[in-house]
Structures are given as structure tokens and as C-alpha cells.
Amino acid sequence: MSVDENFFTRVYEVVKKIPSGRVTTYGAIARAIGSPRASRMVGWAMNKAFSYHEYVPAHRVVNRNGMLTGKHAFPNANTMQELLEMEGITVVNDKVTNFEEVFWEPKSCW
């Protein structure tokens, strides 16, 4: 397994733990896996999440301001918002409106 594959797998393991109806950030995931300066690399991992062999709820990962910056990686421009809204999260203008309330801080895994 390459370094990138190992990193991506660690990211996906954290993302799979995000509860329904909650969101977390690229930076929070980076901190949880022991790579606090790798939030952009977490973003790259999320772009590849659809090719992972297990389901990864990538729609639950937003930027530090609650913006749906990863929506371009989904089948269409509305998919990420639709999935979040199905879980009870309100999104207006590509931003989670009650971000502080629905934010989930992952525990350190590594």
C-alpha cells in the first residue's frame, strides 16, 4: 500500500464514523489522523472517495466555514446538498446554516 493509499484509507475510516445529520471538516479529519497540516490532502482523498471499496459518506465533509466545497466531486451539482438535507441538515447558498450545531469533532484515531 502506498503512502497516499494509507493516508486515504485513514481519512475514509474517520469519514465513515461521521453520524448521520452531522458534518465535519477537512481540517478536523486531518487532525484526527495525526496530520494537522494536511487538510488539502484530505480534500484530495474525498475527491477519490467514490472509488473506495466501501461506502464513504463524503457528503458529510465540508470546509471550515460549512461550505459545500466538495460538491463538484458528486454526480451532479445538487447531490451533496440533497444528501445532507435528507439527513436534516439545512443548506442555503452552498453553506450549512447551523454549522456550529451539526459540527462533529472526530476523535484522534492515530
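Scroll up for the structure.
Residues numbered from 1 in each chain as written. Predicted model: local features only at pLDDT ≥ 70, side-chain atom pairs only at ≥ 80, totals over all residues. Heavy atoms only, no water.

**Q** Explain the overall build of the protein to me, and be specific about the residues and the numbers.
**A** When helices and strands are tallied, the protein shows five helices and four strands. When its helices and strands are written in sequence order, the protein yields α-β-α-α-β-α-β-β-α. Against the 2.2 N^0.38 benchmark of 13 Å for 110 residues, the protein shows a C-alpha radius of gyration of 13 Å, consistent with a compact globule. Dimensions of the protein, computed from the C-alpha atoms along their principal axes, are close to 40 × 25 × 20 Å. Burial status across the protein gives 45% buried among its 110 residues. Considering only contacts within the protein whose residues lie at least 6 apart along the sequence, 68% involve residues at least 24 apart. On the protein, roughly 6,300 Å² of surface is accessible, and the fraction owed to carbon and sulfur atoms is 51%. Here the protein contributes 13 positive and 11 negative side-chain charges, whose respective centroids are spaced 7 Å apart. (Helix = DSSP H or I, 4+ residues; strand = E, 2+ residues; numbered from the N terminus. Rg over C-alpha atoms; globule rule 2.2 N^0.38 Å. Buried < 20%, exposed > 50% of the residue type's maximum accessible area, 1.4 Å probe, protein only. Contact = heavy atoms within 4.5 Å. Areas by Shrake-Rupley, 256 points an atom, 1.4 Å probe, with all protein chains shown as cover. Lys, Arg positive; Asp, Glu negative; His and termini not counted. Charge placed at Lys NZ, Arg CZ, Asp CG, Glu CD.)

**Q** Just give me the short version of the packing of aromatic side chains, but keep the residues and values in it.
**A** For the structure shown, the criterion picks out five aromatic pairs. Measuring from ring centre to ring centre gives 4.6 Å for Tyr-12 and Tyr-52, while their planes differ by 50°; the resulting arrangement is tilted. Within this pair, whereas Tyr-12 is found in helix α1 (residues 3–15), its partner Tyr-52 is found in the loop between α3 (39–47) and β2 (61–62), the two being separated by 40 residues in sequence. Assigned by exposure class, Tyr-12 and Tyr-52 land together as buried. Grouped by ring-pair contacts, the aromatic residues Phe-7, Phe-8, Tyr-12 and Tyr-52 constitute a single cluster. (Phe/Tyr/Trp six-rings, centres within 6.5 Å; stacked < 30°, edge-to-face > 60°.)

**Q** I'd love a proper account of the pattern of salt bridges, names of residues and values included.
**A** If you walk through the whole model with that rule in mind, you get five salt bridges. In this structure, the salt-bridge partner of Glu-13 is Lys-16, at a minimum N-O distance of 2.9 Å. Residue class for Lys-16 comes out partly exposed when judged on its relative accessible area of 25%. Among the ionic pairs, Lys-16 bridges to Glu-54, the shortest N-O distance being 2.4 Å. Note that Lys-16 is positioned in the loop between α1 and β1 (24–25) and Glu-54 in the loop between α3 and β2, a separation of 38 residues in sequence. Relative accessible area serves as the criterion here: at 35%, Glu-54 is assigned to the partly exposed category. Sharing partners across several salt bridges, the network here consists of Glu-13, Lys-16 and Glu-54. (Salt bridge = Lys/Arg side-chain N within 4 Å of Asp/Glu carboxyl O.)

**Q** Which residues make up the nonpolar core, and what are the values?
**A** Ranked by internal contacts, the top residues of the largest apolar core, which has 33 residues, are Val-11, Tyr-12, Val-15, Val-42, Met-46 and Val-96. Contributing elements (two or more residues each) for this core: α1, α2 (26–32), α3, β2, α4 (79–86) and α5 (99–102). Counting residues per element, this core draws most heavily on α1, which supplies six residues. If sequence neighbours within four positions are ignored, Val-11 has contacts with Ile-29, Ile-33, Val-42, Ala-45 and Met-46. (Core = buried A, V, L, I, M, F, W, Y, C linked by side-chain atoms within 4.5 Å.)

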